[in-house]
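Here is how the chains run, residue by residue.
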Amino acid sequence: MKISLLAFFFISIIAMSSLYGLSRRWKRLASRGSRVLLTGGGTGGHVNPALAIAEGIRNREPETKFLYVGVKGKAESVIVRRAGYPLRFVLSQGFPGLRPSPSTLLFLLKVSAGVFQSLILLLWFSPRWVVATGGYVSAPVIVAALILKNLRIGHTRIFLHEQNSIPGQLNALLGRWVDRVLLTFSQTLSFFPKNGVLVGYPIRGSITRKPREEAQKNLPFQVPEDRQVVFAFGGSQGARTINRAVVDSLRFLIPHRHRVFIIHGTGLNKSSGYDASKDTENRLKKAYSPEELDLIADFYVRQDYFHNIGDVYSMSDLMVCRSGAGSLNEISRLGKPAILVPKANLPGDHQVMNARAMKHAGAAEILYEDTIVEEGVVLEKLEGRFLADRIMRLLQDRDRLEQMARCSGTFLRRHAVERILSEMYGDRAYNNGSGFHALPFKPLLTNGQLLSFLSQAQTRNPSNYDPGNLLDDPDDLVYYRHRAAGLLSHNAWQDRNLGVKLIGLTLYDEKIPTLLHMLADRTPVSRFQEFFGGDFQQVGFIRRNVLQALRILNRFDPEVEKHLFIALEDPYFEVRSQACVTASHFGFFLSGQEWWFHALEKRLKDPCFEVVIEAALAIGEMGTDSSALEILLQMRESHYWQVRNASLKGIQRLLQRKIVHPSRELLTEAGSFILTSTDFRPHFAIKETYNNLRKHCLDQLHGERPAQEARLLVERAARKHSS
């Protein structure tokens, strides 16, 4: 025992000495000159702000040493190397969400490994400042810096720059512990009341307005002087929706080729799912003939990435781009008008919020992505015709374009780099807190909140339901519809299922063809998914909810009828059940069609009693003669009381529709139903149904007796008069 305590004592002394030595080394290196560790990546929107801050520090302290920490294969691999800063890589991965999954375990393993790698890099480099600009690469570096700082080894200050109006989940969590959170939008102050400061978005010095002639000299292609220039891009990685829309729009821009010039930045993305450059090239070759490509070459150039993007901006009259904070700030700095195509279903809808803020400022117009079925696949798309029309409409209205440019130039806060350096050096050259407070922030409803809000309203008043009357801003409904449609292309079936529900509740009837495609889709799943109960790619829950959405949308045509008929044979019982309910809902259109009646009659023999119940109710709604009554009477001895109850309700509906008429014989037949239930209930619903049916018959029979007697008296008097 004494030996163990002695060993523990010596180990503790050695550990404390090591920590003390590391701490002294950090102080010594920091005192020899400014050392700054930069981190942030995944996209240019995270990398470029870090480089802009580094540029500002280097202008003030030219001898500063920098180290950039990123993730392999992302935008920083290209942009940082080209900028000439030392670059190291650590492991990290995007946060997969709160729902436990194999991705959660992989996330924890990668981030843990990244934290360990970051600890080594920080101990070796010993920076004076850690500047993080977001993206999941920042997480392990910030965690490691906080660990070393709390152990009193790392003598560093940690700055986190948040570009978006809604902080990401990791930034929202880690931002509480850093020294300063540097914000772009005033409303984000409400998320960081203690250490948040509004500075704006740092932009590289190379992005400045130049005369068109000067900018042209730095470009590898020539733009004719008399052309209006459109610059279309989707950020550093590119955006498939924008890339494909630009390619598709060229067909409609060919007639205007002598007055317009398109510069297209396709992006650096070369993932297994999407290669931006190759996909764009293949789409061009597939869509256009050699003769058309020759015409297009006269007014269209493309490149994967423009490192001298400031020159392209200066050449351009109109932008087509996403609405990330980086793009908007660069556009605003140069006073350029824009057509924005925000990416939907991002955390906090920050791109949509950014785009709407710029639109309300008069500096931009918005085109939302739509979700369509193309070659049997559900995907997000922006129609090329719409894009071409909007481009030409703006280019032809020079007054409107100039007004948008003026509004763009005053959209966002200026001197962001100088404001950030003021915070880092503590010289108070800028009073960043003056005039700005945590503004009341009303975010858009999340998909879950929207679903709850609209479903409650629709349940309360289904006959007069109108989502447009429930929302404050008409633009909200437009976006919510597109956001719901965007969910239909997601990999996770839960997202697609949510999208189907929201399509119905937002009354987005333009998506009915997409819903019908999903209802009939029989794409098989992997054996692994099949083992856990999946049957097709569009799982049974999705197909069931498509039918519920069709009832809310309340649109009927031959295509809806065809798919509804197919759904009666669906392998999943809930789909067959909902198909019967939907057939009943559209009974006005379907009653009298013999094949529908026989299809419902077949469902009365379904192995699942839930389907039989809905089929019996549908026959009551759609039957047109006494054969419907005969079929329902045959269910009088069904094993399930719920089936017998539904059959009685079906008979009552036939009476209400005057398909059959009350009679003593009908009462006798109805009285032969078994009215007991196997459930332990104080109240039997089937008895109440029978009593309602019996009362309906008796009331009508009693009401008919005086009329029959009066008729007999009239007939008797007529015979007497004639004799």
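Basis of the calculations
Residues numbered from 1 in each chain as written. Predicted model: local features only at pLDDT ≥ 70, side-chain atom pairs only at ≥ 80, totals over all residues. Heavy atoms only, no water. Helix = DSSP H or I, 4+ residues; strand = E, 2+ residues; numbered from the N terminus. Contact = heavy atoms within 4.5 Å. Areas by Shrake-Rupley, 256 points an atom, 1.4 Å probe, with all protein chains shown as cover. Pairing = 2+ DSSP bridges. Axes fitted to C-alpha atoms, helices over the stretch in contact; angles between N-to-C directions. Core = buried A, V, L, I, M, F, W, Y, C linked by side-chain atoms within 4.5 Å. Buried < 20%, exposed > 50% of the residue type's maximum accessible area, 1.4 Å probe, protein only. Right-handed = clockwise from strand over helix to strand, strands pointing away. Salt bridge = Lys/Arg side-chain N within 4 Å of Asp/Glu carboxyl O. Parallel < 35°, antiparallel > 145°, perpendicular 65-115°, else oblique. Nonpolar A, V, L, I, M, F, W, Y, C, P; charged D, E, K, R; others polar. Phe/Tyr/Trp six-rings, centres within 6.5 Å; stacked < 30°, edge-to-face > 60°. Lys NZ or Arg CZ within 6 Å of the ring centre and 35° of its normal. Polar contact = N/O pair within 3.5 Å; in protein donor to acceptor, adjacent residues only side chain to side chain.

### Digging into the overall build of the chain
Link 1 in the chain: For the chain, the helix and strand inventory stands at 31 helices and 15 strands.
Link 2 in the chain: Contacts spanning at least 24 positions in sequence make up 70% of the contacts within the chain whose residues lie at least 6 apart.
Link 3 in the chain: With the model as given, the accessible surface of the chain reaches about 35,200 Å², and the carbon-plus-sulfur share is 54%.

### As for the sheet that holds strand 4 (residues 129-132)
Hydrogen bonds between backbone atoms are what pair the strands of a sheet, whose relative direction is either parallel or antiparallel.
Link 1 in the chain: An order of 3-2-1-4-5-6-7 is seen for the 7 strands of this open sheet, with the pairing classed as parallel. The two strands at the open ends of the sheet, each matched to only one other strand, are strand 3 (87-89) and strand 7 (196-198). Geometrically, the sheet is characterised by an average inter-axis angle of 25° between neighbouring strands, direction not taken into account.
Link 2 in the chain: Summarising the sheet, strand 1 (residues 35-39) and strand 4 pair through 4 bridges and their orientation is parallel. Paired with threonine 39 across the two strands is alanine 132, which belongs to strand 4.

### Things to note about the nonpolar core
Link 1 in the chain: Counting 118 residues, the largest nonpolar core has Phe231 and Ile263 as the members making the most contacts within it.
Link 2 in the chain: Looking at which element gives the most residues to this core, the answer is helix 27 (residues 609-622), with 8 residues.
Link 3 in the chain: Grouped together as the second largest cluster of nonpolar side chains are 32 residues, Val90, Leu146, Leu148 and Leu160 included.

### Details of the sheet that holds strand 10 (residues 300-303)
Link 1 in the chain: Pairing is parallel across the open sheet formed by 6 strands, whose spatial order is 10-9-8-11-12-13. For this open sheet the edge positions go to strand 10 and strand 13 (364-366), each flanked by a neighbour on one side alone. Neighbouring strand axes in the sheet, compared pairwise and without regard to direction, differ in orientation by 20° on average.
Link 2 in the chain: Its contacts with the sheet put helix 12 (residues 325-334) on strand 8 (228-233), strand 11 (318-321) and strand 12 (338-340), and the angle it makes with strand 11 is roughly 175°.
Link 3 in the chain: Relative to strand 13, helix 15 (residues 398-409) is tilted by about 105°, and along the sheet it contacts strand 8, strand 11, strand 12 and strand 13.

### Some points on unusual backbone geometry
Link 1 in the chain: Not every positive phi belongs to a glycine, and leucine 507 is a case in point at roughly 55°.
Link 2 in the chain: With respect to the helices and strands, the residue leucine 507 is situated in the loop between helix 19 (493-505) and helix 20 (512-520).
Link 3 in the chain: Exposure remark for leucine 507: the relative accessible area of 22% places this residue in the partly exposed category.
Link 4 in the chain: Of note, the phi angle at asparagine 554 is positive, near 55°, even though the residue is not glycine.
Link 5 in the chain: With respect to the element layout, asparagine 554 can be found in the loop between helix 22 (540-553) and helix 23 (558-567).

### A word on the pairing of strand 6 (residues 180-183)
Link 1 in the chain: Strand direction decides the pairing type here: strand 5 (residues 157-162) and strand 6, joined by 4 bridges, are parallel. What sits directly across from leucine 160, in strand 6, is valine 181.
Link 2 in the chain: Handedness of the crossover is the feature at issue here: the chain leaves strand 5, passes through helix 6 (residues 169-174), returns alongside strand 6, and the resulting connection is right-handed.
Link 3 in the chain: Direction of pairing for strand 6 relative to strand 7: parallel, over a ladder of 3 bridges.

### Quick look at the pattern of salt bridges
Link 1 in the chain: Scanning all chains against the criterion turns up 29 salt bridges.
Link 2 in the chain: Note that arginine 283 is salt-bridged to aspartate 248, the shortest N-O span being 3.1 Å. With a gap of 35 residues between them, arginine 283 in helix 9 (residues 276-287) and aspartate 248 in helix 8 (residues 240-253) connect regions that are remote in the sequence.
Link 3 in the chain: What makes aspartate 248 buried here is its relative accessible area of 17%.
Link 4 in the chain: Where aspartate 606 meets arginine 603, a salt bridge forms, and the shortest distance between an N and an O atom there is 3.0 Å. Each of the two residues, aspartate 606 as well as arginine 603, counts as buried.
Link 5 in the chain: Three or more residues joined by partner-sharing salt bridges are found here, namely Glu569, Arg576, Lys602, Arg603 and Asp606.

### Notes on the packing of helix 14 (residues 384-396) against helix 15
Link 1 in the chain: For the pair helix 14 and helix 15, the least separation of the axes is 5 Å and the interaxial angle reads 90°. Relative to helix 15, helix 14 is oriented roughly perpendicular. Residue-level contacts link Leu394, Leu395 and Gln396 of helix 14 to Arg398, Arg400, Leu401 and Met404 of helix 15.
Link 2 in the chain: For the contact of helix 14 with helix 15, a count of residues per class yields 4 nonpolar, 1 polar and 2 charged.

### Things to note about the packing of aromatic side chains
Link 1 in the chain: Scanning all chains against the criterion turns up 20 aromatic pairs.
Link 2 in the chain: For the ring pair phenylalanine 556 and phenylalanine 586, a centre distance of 5.0 Å and an interplane angle of 40° mean the geometry is tilted. Here phenylalanine 556, found in the loop between helix 22 and helix 23, pairs with phenylalanine 586, found in the loop between helix 24 (573-585) and helix 25 (587-590); they are 30 residues apart in sequence, far enough to count as distant.
Link 3 in the chain: Under the relative-accessibility criterion, phenylalanine 586 is labelled buried at 1%.
Link 4 in the chain: One aromatic cluster is present, formed by Phe221, Phe231, Phe233, Phe261, Phe306 and Tyr313 through successive ring pairs.
Link 5 in the chain: Over the ring of phenylalanine 125 we find arginine 35; its NZ or CZ atom is 4.7 Å from the centre of that ring.
Link 6 in the chain: We note arginine 60 situated over the ring of tyrosine 425; from NZ or CZ to the ring centre the distance is 4.3 Å.

### Description of the side chain of glutamate 365
Link 1 in the chain: Here glutamate 365 lies in strand 13.
Link 2 in the chain: In terms of polar contacts, glutamate 365 uses its side chain to reach the side chain of arginine 400, at 3.1 Å.
Link 3 in the chain: If near-sequence neighbours (up to four positions away) are discounted, glutamate 365 is found in contact with Ala338, Ile339, Leu340, Arg390, Leu394, Arg400 and Met404.

### Re the side chain of asparagine 545
Link 1 in the chain: By the secondary structure assignment, asparagine 545 is in helix 22.
Link 2 in the chain: Residue asparagine 545 is classed as buried on the basis of its relative accessible area, which comes to 3%.
Link 3 in the chain: Discounting residues that sit within four places of it in the chain, asparagine 545 has contacts with Asn497, Val500 and Lys501.

### Thoughts on the pairing of strand 11
Link 1 in the chain: The alternating pattern of strand 11 places Leu318 and Val320 on one face and Met319 and Cys321 on the opposite face, and all of these are buried.
Link 2 in the chain: Looking at chain direction, strand 8 and strand 11 are connected through 3 bridges and run parallel. Directly across from valine 230, in strand 11, lies its bridge partner leucine 318.
Link 3 in the chain: Taken together, the 3 bridges between strand 11 and strand 12 define a ladder with parallel strand orientation. Among the inter-strand pairings, valine 320 is bridged to a residue of strand 12, identified as isoleucine 339.
Link 4 in the chain: As a crossover connection, the stretch from strand 11 through helix 12 into strand 12 is right-handed.

### Regarding helix 3 (residues 75-83)
Link 1 in the chain: Of the positions making up helix 3, those classed as buried are Ala75, Glu76, Ser77, Ile79 and Val80.
Link 2 in the chain: Structurally, helix 3 contributes buried residues whose contacts are with helix 2 (44-60), strand 2 (65-70) and strand 3.
Link 3 in the chain: Just past helix 3, the residue glycine 84 takes up positive phi, approximately 90°.

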